[in-house]
Amino acid sequence: MLNRLIVPAAVAGLLVPFAATAAQAATPVVQIVKVYYDSPGSPDSGANSSLNGEWVQIKNATRKAVSLKGWTVRDTTKRSDHVYTFGVFTLGAGKTVTVRTGKGKNTSTIRYWGRGGQGTFSYIWNQSRDTAYLRNASGKLVDSCSYNSSRADYKNC
């Protein structure tokens, strides 16, 4: 009888940390919150205003600032020019940053991918189906957001 009491207690002790870890993994601390993939006016010749009409928003859901230096955002395409890499950038606690496809001046709330000059090939996000991936500086997948609709212009993740 003593063995029966020890085994369940040992197993229960192992399950509690596992359950907490699984719950924590369900909500990334930095997450993709929205992808605006069908910019107004697209498809067109890849005008900068139209390119900047497509974007991905990333939120820091923690109470501490997080350095995004070396973190990447990309779509399903395996092309190297479809990867945005954060330079020195810190996302404040509870703050959101928008990464726009086109060119512009980086701020604390908006970063620019710098795409342009390739006509319709300058766009990153497909207009009907794609996935946005967020990876940390080590290359580990932190979050992703997929959409599959030509009836909407954006996806809340």
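As a starting point, this report considers the structure included with it. In this text the structure is predicted, and so the values were computed from the model without any measurement. (Residues numbered from 1 in each chain as written. Predicted model: local features only at pLDDT ≥ 70, side-chain atom pairs only at ≥ 80, totals over all residues. Heavy atoms only, no water.)

### Details of the packing of aromatic side chains
This model, assessed by the stated rule, comprises seven aromatic pairs. Summarising the aromatic geometry, the rings of Tyr84 and Phe86 are spaced 5.0 Å apart at their centres and angled 85 degrees between planes, so their arrangement reads as edge-to-face. According to the relative accessible area criterion, Phe86 is buried, its value standing at 2%. With 5.6 Å between their ring centres and 25 degrees between their planes, Phe86 and Phe89 make a pair best called stacked. By way of ring pairs, the aromatic residues Tyr84, Phe86, Phe89, Trp113 and Trp125 are connected into one cluster. The ring of Tyr154 carries Lys34 above its face, with NZ or CZ at 4.2 Å from the centroid. (Phe/Tyr/Trp six-rings, centres within 6.5 Å; stacked < 30°, edge-to-face > 60°. Buried < 20%, exposed > 50% of the residue type's maximum accessible area, 1.4 Å probe, protein only. Lys NZ or Arg CZ within 6 Å of the ring centre and 35° of its normal.)

### Thoughts on the sheet that holds strand 4 (residues 72-74)
Spatial strand order, 5-4-9-10: four strands in an open sheet with antiparallel pairing. In this open sheet, the two edge strands, each paired with only one partner strand, are strand 5 (83-85) and strand 10 (141-148). On average, each strand axis in the sheet is inclined to that of its neighbour by 15 degrees, with strand direction left out of account. Strand direction decides the pairing type here: strand 4 and strand 9 (residues 129-135), joined by three bridges, are antiparallel. Residue pairing for strand 9: Val73 is matched across the bridge by Leu134. (Pairing = 2+ DSSP bridges. Helix = DSSP H or I, 4+ residues; strand = E, 2+ residues; numbered from the N terminus. Axes fitted to C-alpha atoms, helices over the stretch in contact; angles between N-to-C directions.)

### What about the pairing of strand 9?
Where strand 9 and strand 10 come together, seven bridges link them in antiparallel fashion. Bridge pairing in strand 10 links Thr131 to Ser146. Where strand 9 hands over to strand 10, the hairpin turn is made up of five residues, of which Gly139 adopts a positive phi near 90 degrees.

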